[in-house]
Amino acid sequence: MTARSSVRPIPAIHGGAPVPLPLWRDWRWQLAHRLRTPEALSAALPLTPAERRALAAPAAWRMPLLLTPYTASLLSTLPPSHPLRRAHLPDLREARHAPAEYPDPLGEDAHQVAPHLIHAYPHKVLFLVSRDCATACRYCTRAHLPPCPGCPPPDPDPALRWIAAHPEITDVLLSGGDPLLLPDETLDALLTSLRAIPHVRLLRIGTKVPATLPMRITPALVRILRKHRPLWLSLHFTHPDELTPETKKSLRLLLDAGLPLCSQTVLLRHVNDDESTLRALFENLVLNGVKPYYLHYTDAAQGTAHFRSPIPRGRSLLRALNGTVPGYAIPLFMQDTPGGGGKHPLGPS
Ligand SMILES: *Cc1c(COP(=O)(O)O)cnc(C)c1O
């Protein structure tokens, strides 16, 4: 089930010419050559009629179209019906706004204590340090803050001052956007500033780059991250076919640097809400040194109803895995209450 061959460039991404491998393996080249238009995507991938209809209606999209050449090439190796396409390609149903869906489903705006800093729990803060993601997820919780390719990162100073002035904050989770899209020097400076605050003990980074831009995990980046330990990475995996040789290599580099890895997965209807997919995903994460941490019930974000798999289904899937996989492979099933009520576990028990 897990993809075994390397993800190779598809020539259509580079005007029909073959992409030299040194460029392909350069994360900056990947970012600069992201697919952002229906024309670029249809040149790279044979599309289904439904995908073509959705691409022709950008007014219906809840997120911009944004894929790394790496993601597009991975999709090109998978059958057209593959669930990972639904996670990354626009769908006309994104225009539907179901009742009890919100533009800011977690009420993060109301919990903002400084620019880009969300304080919803007593001892921890969520610090949105980047405005860009490598590849856009159609089910994103923060569609009200869509990825902004090439935009300068937000000014971190007011948030750093707030954290320094609040000794009760011991745990800082960097997110965005994707913090690992920041240039090495920017990220190093930010982590250094956080480490200079004596009461900050745990640093965490939420990132999807091992799945969507694995070449970003360079030896230079890993050296920076290890300097700032204890630092945990909260990765984001959706499907076992994301565990390509490139992705596994990026995980090994992080593990070898002593960085604990966990993974969050959003339970998505017809993408991963079946027993064999979740089993393969969680087992293979454990085999690659990643602890499945949270399985999230889809947040109440506008235009995501077609992704929402019911809570009883999530519970029964975890029950089915219980006892048949290593206990390490079972995440907590979590719901983040709409309006900012916080996360609470729905299962497995
Ligand atoms: C999820 C979240 C955290 C981190 O929560 P953990 O359950 O400790 O992983 C921190 N702040 C906010 C606002 C969050 O949504």
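The structure presented is a predicted model; accordingly, all values stated were derived computationally and were not measured.

A. Examining the overall build of the chain more closely. Across its full length, the chain carries 13 helices and 10 strands. Projected onto its principal axes, the C-alpha positions of the chain cover 55 × 45 × 40 Å. Taken across its 349 residues, the chain has 54% of its residues classed as buried. Put simply, 79% of the contacts in the chain that link residues at least 6 apart link residues at least 24 apart. A total accessible area of about 14,500 Å² is found for the chain, and carbon and sulfur atoms account for 58% of it.

B. Focus on a positive patch on the surface. A contiguous patch of positive charge, built from Arg8, Arg25, Lys249 and Arg252, is present on the exposed surface. Take Arg252: it is sitting in helix H11 (residues 245-256).

C. Examining empty space enclosed by the protein more closely. According to the stated counting rule, one finds 1 cavity of 30 Å³ or more in the structure shown. Space inside the largest cavity adds up to approximately 50 Å³. Lining the largest cavity are Tyr70, Thr71, Leu74, Leu75, Leu84, His88, Ala211, Thr212 and Glu242. For the lining of the largest cavity, the elements supplying multiple residues, two or more each, are helix H5 (69-76), helix H6 (83-88) and helix H9 (209-212). Counting residues per element, the lining of the largest cavity draws most heavily on H5, which supplies 4 residues.

D. A look at the environment of Asp256. Mapped onto the secondary structure, Asp256 falls in helix H11. For Asp256, a relative accessible area of 66% corresponds to the exposed category. Separated by 30 residues in the primary sequence, Asp256 and Arg226 place their C-alpha atoms 9.8 Å from one another.

E. A look at helix H13 (residues 311-321). Residues of H13 that are buried: Ile311, Gly314, Leu317, Leu318 and Leu321. Axial view of H13: buried residues confined to an arc of 125°, hence all on one face. Those residues of H13 that are exposed and aimed more than 90 degrees away from the buried face are Pro312 and Arg319. Where H13 ends, the next residue or the one after it, Gly323, has phi of about 90°, a positive value.

F. Region of interest: the site of the ligand. Residues in close proximity to the ligand include Ala120, Tyr121, Lys124, Leu126, Leu173, Arg204, Tyr293, Tyr294 and Lys343, which together make up its full environment. With respect to the ligand, the side chain of Arg204 contributes an N or O atom lying 2.8 Å from an oxygen atom. A distance of 2.6 Å separates an oxygen atom of the ligand from a polar side-chain atom of Tyr293. Starting from 390 Å² of accessible surface for the ligand in isolation, the protein chains cover 88%. When atom positions are compared with the pocket grids, the ligand is found to occupy the largest pocket. When residues of the shell around the ligand are traced back to their parent elements, those giving at least two are strand E2 (117-121), strand E3 (124-128) and strand E8 (290-296). Tallied by class, residues from the shell around the ligand come to 6 nonpolar, no polar and 3 charged.

G. Broad picture of the sheet that holds E8. With respect to topology, 10 strands assemble into an open sheet ordered E1-E2-E3-E4-E5-E6-E7-E8-E9-E10, the strand pairing being mixed. Looking at which strands have only one partner, the edges of the open sheet turn out to be strand E1 (112-114) and strand E10 (342-347). Across this sheet, the average inter-strand angle for adjacent strands is 30°, counted without regard to direction. Taken together, the 6 bridges between strand E7 (residues 261-266) and E8 define a ladder with parallel strand orientation. Across the sheet, the residue bridging to Cys262 is Lys291, located in E8.

H. Molecular detail of the packing of aromatic side chains. The tally for this structure, following the rule as stated, stands at 3 aromatic pairs. Look at Tyr293 and Tyr294: their rings are 3.8 Å apart centre to centre, the planes differ by 15°, and that puts the pair in the stacked class. The class for Tyr294 is buried, based on a relative accessible area of 13%. A cation over an aromatic ring shows up here: Lys124 above the ring of Tyr121, its NZ or CZ 4.9 Å from the ring centre. One cation-aromatic arrangement involves Arg216 over Trp27; the distance from NZ or CZ to the ring centre is 3.8 Å.

Reading the values: the criteria
- Residues numbered from 1 in each chain as written.
- Predicted model: local features only at pLDDT ≥ 70, side-chain atom pairs only at ≥ 80, totals over all residues.
- Heavy atoms only, no water.
- Helix = DSSP H or I, 4+ residues; strand = E, 2+ residues; numbered from the N terminus.
- Buried < 20%, exposed > 50% of the residue type's maximum accessible area, 1.4 Å probe, protein only.
- Contact = heavy atoms within 4.5 Å.
- Areas by Shrake-Rupley, 256 points an atom, 1.4 Å probe, with all protein chains shown as cover.
- Patch = residues over 30% accessible without salt bridge, like charges linked within 9 Å, V, L, I, M, F, W, Y side chains within 5 Å.
- Salt bridge = Lys/Arg side-chain N within 4 Å of Asp/Glu carboxyl O.
- Lys, Arg positive; Asp, Glu negative; His and termini not counted.
- Charge placed at Lys NZ, Arg CZ, Asp CG, Glu CD.
- 1 Å grid on protein atoms, 1.4 Å probe; cavity = no way out; pocket = protein on both sides within 12 Å on 5 of 7 lines; lining within 4 Å.
- Points joined across faces, edges and corners; volume = space filled by probe spheres on them.
- Arc of directions from axis to C-beta.
- Near = heavy atom within 4 Å.
- Polar contact = N/O pair within 3.5 Å; in protein donor to acceptor, adjacent residues only side chain to side chain.
- Sits in = over half its atoms within 2 Å of the grid points.
- Nonpolar A, V, L, I, M, F, W, Y, C, P; charged D, E, K, R; others polar.
- Pairing = 2+ DSSP bridges.
- Axes fitted to C-alpha atoms, helices over the stretch in contact; angles between N-to-C directions.
- Phe/Tyr/Trp six-rings, centres within 6.5 Å; stacked < 30°, edge-to-face > 60°.
- Lys NZ or Arg CZ within 6 Å of the ring centre and 35° of its normal.

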